[in-house]
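Observations on the model geometry
So you can see what is in the structure, the chains are spelled out below.
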Amino acid sequence: MTADKEALLAICDDLQELAERAALEIARLAELPLQEVASAALLKEVLVREGFAIEREFPQIPNAFVASAGSGRPVIGLLAEYDALPDCGVGGKGPGHGCGHNLLGAAATYAAVASARQLLAS
């Protein structure tokens with residue numbers, strides 16, 4: 001294994017607990033599509049703490065934003081979905097994440113963090 005791969009795996013190991021906590025919090029919030037304001041705030045907080053700039057928000061869609069770190073090439077784009085489904089909560093009551101989007105949102109966010117840490121350290 002190359003030194004770069006080992007470094008990236010170490011970064012991912014360091015981020016694992018934080019990513020898991022974010023996924024669990026998004027699952028707890030269970031916000032329906034286009035209403036994920038608290039979930040979006042949580043992910044933006046993570047990204048800002050990691051040095052990302054929130055470049056654009058969309059007033060018409062309060063859960064949508066663009067975050068970036070670094071400049072130049074490569075340009076990597078990731079989509080973070082974190083909406084819940086109605087009637088998919090515990091016992092089929094209330095919103096829940098039967099779709100796994102709480103995992104997708106956290107995974108995409110922490111993949112961006114890991115990529116930025118690796119690329120900006122090189």
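As a convention, each chain's residues are numbered from 1 in the sequence order in which they are written. It should be noted that, the model being predicted, local features are given only for residues of pLDDT at least 70 and side-chain atom pairs only at 80 or more, the latter also being counted only at that level, while totals for whole chains, interfaces and linings use all residues. As a rule here, side-chain values come from all non-hydrogen atoms in the structure, and water together with hydrogens is ignored.

As a further point, take the overall build of the protein chain. When helices and strands are tallied, the protein chain shows three helices and two strands. Along the longest, intermediate and shortest principal axes, the C-alpha atoms of the protein chain span 50 × 35 × 20 Å. Taken over 122 residues, the protein chain has a buried fraction of 30%. Between two residues, a contact is recorded if the distance between any of their heavy atoms is within 4.5 Å. Put simply, of all contacts in the protein chain between residues at least 6 apart along the chain, 53% involve residues at least 24 apart. Accessible surface is estimated by sampling points in the Shrake-Rupley manner with a 1.4 Å probe; for residues, cover comes only from the protein chains shown. A total accessible area of about 7600 Å² is found for the protein chain, and carbon and sulfur atoms account for 58% of it. Counting from the N terminus, the helices are the DSSP runs of H or I reaching at least four residues and the strands are the DSSP runs of E reaching at least two. Each residue gets one of three labels from its accessible area relative to the maximum for its type: buried under 20%, exposed over 50%, partly exposed in between, using a 1.4 Å probe on protein chains only.

Here we take up the confidence of the model for the protein chain. Caution applies to low-pLDDT regions: their predicted coordinates should not be interpreted in detail. Confidence along the protein chain averages 92 in pLDDT terms, with 100% of residues attaining 70 or more. For every residue, the predictor reports its confidence as pLDDT, a number between 0 and 100. Averaged over each element, pLDDT in the protein chain is lowest for strand E1 (residues 53-58) (90) and highest for helix H2 (residues 37-49) (96).

What follows deals with the side chain of His97. As for its position among the elements, His97 is in the loop between strand E2 (61-68) and helix H3 (101-121). Polar contact criterion, stated in full: a pair of N or O atoms within 3.5 Å, where within protein one must be able to donate a hydrogen and the other to accept it, and residues adjacent in sequence count only if both atoms are side-chain atoms. In this structure the side chain of His97 is engaged in a polar contact, spanning 3.2 Å, whose partner is the backbone oxygen of Ile26. Other than its neighbours up to four places away in sequence, His97 contacts Ile26, Ala27, Ala30, Tyr82, Asp83, Ala84, Cys88 and Asn102.

Sheet topology places E1 next to E2; five bridges connect them, and they run antiparallel. Bridge pairing in E2 links Arg56 to Val66. DSSP-based pairing: two strands are paired if at least 2 bridges between them are found. Linking E1 back to E2 in an antiparallel pair, the connection comprises two residues.

Moving on, we get to the packing of helix H1 (residues 3-29) against H2. Every axis corresponds to a line fitted to the C-alpha atoms, with the helix fit spanning only the stretch in contact, and the corresponding angles, defined between N-to-C directions, vary from 0 to 180 degrees. Closest axis-to-axis distance for the H1/H2 pair is 9 Å, and the angle between their directions is 165 degrees. By the angle between their directions, the pair H1 and H2 is classed as roughly antiparallel. Once H1 is placed against H2, the crossing between them reads as right-handed. For the pair H1 and H2, the contacting residues are Ala22, Glu25, Ile26 and Leu29 in the first and Ala38, Ser39, Leu42 and Leu43 in the second. Residue polarity is assigned by list, with Asp, Glu, Lys and Arg as charged and Ala, Val, Leu, Ile, Met, Phe, Trp, Tyr, Cys and Pro as nonpolar; anything else, Gly included, falls into the polar class. The residue makeup of the contact of H1 with H2, split by class, is six nonpolar, one polar and one charged. When describing relative orientation, an angle under 35 degrees is termed roughly parallel and one over 145 degrees roughly antiparallel, while 65 to 115 degrees is termed roughly perpendicular and anything else oblique. Crossings are assigned a handedness: left-handed for a near helix turned anticlockwise from the far helix by less than a right angle, right-handed for a clockwise turn.

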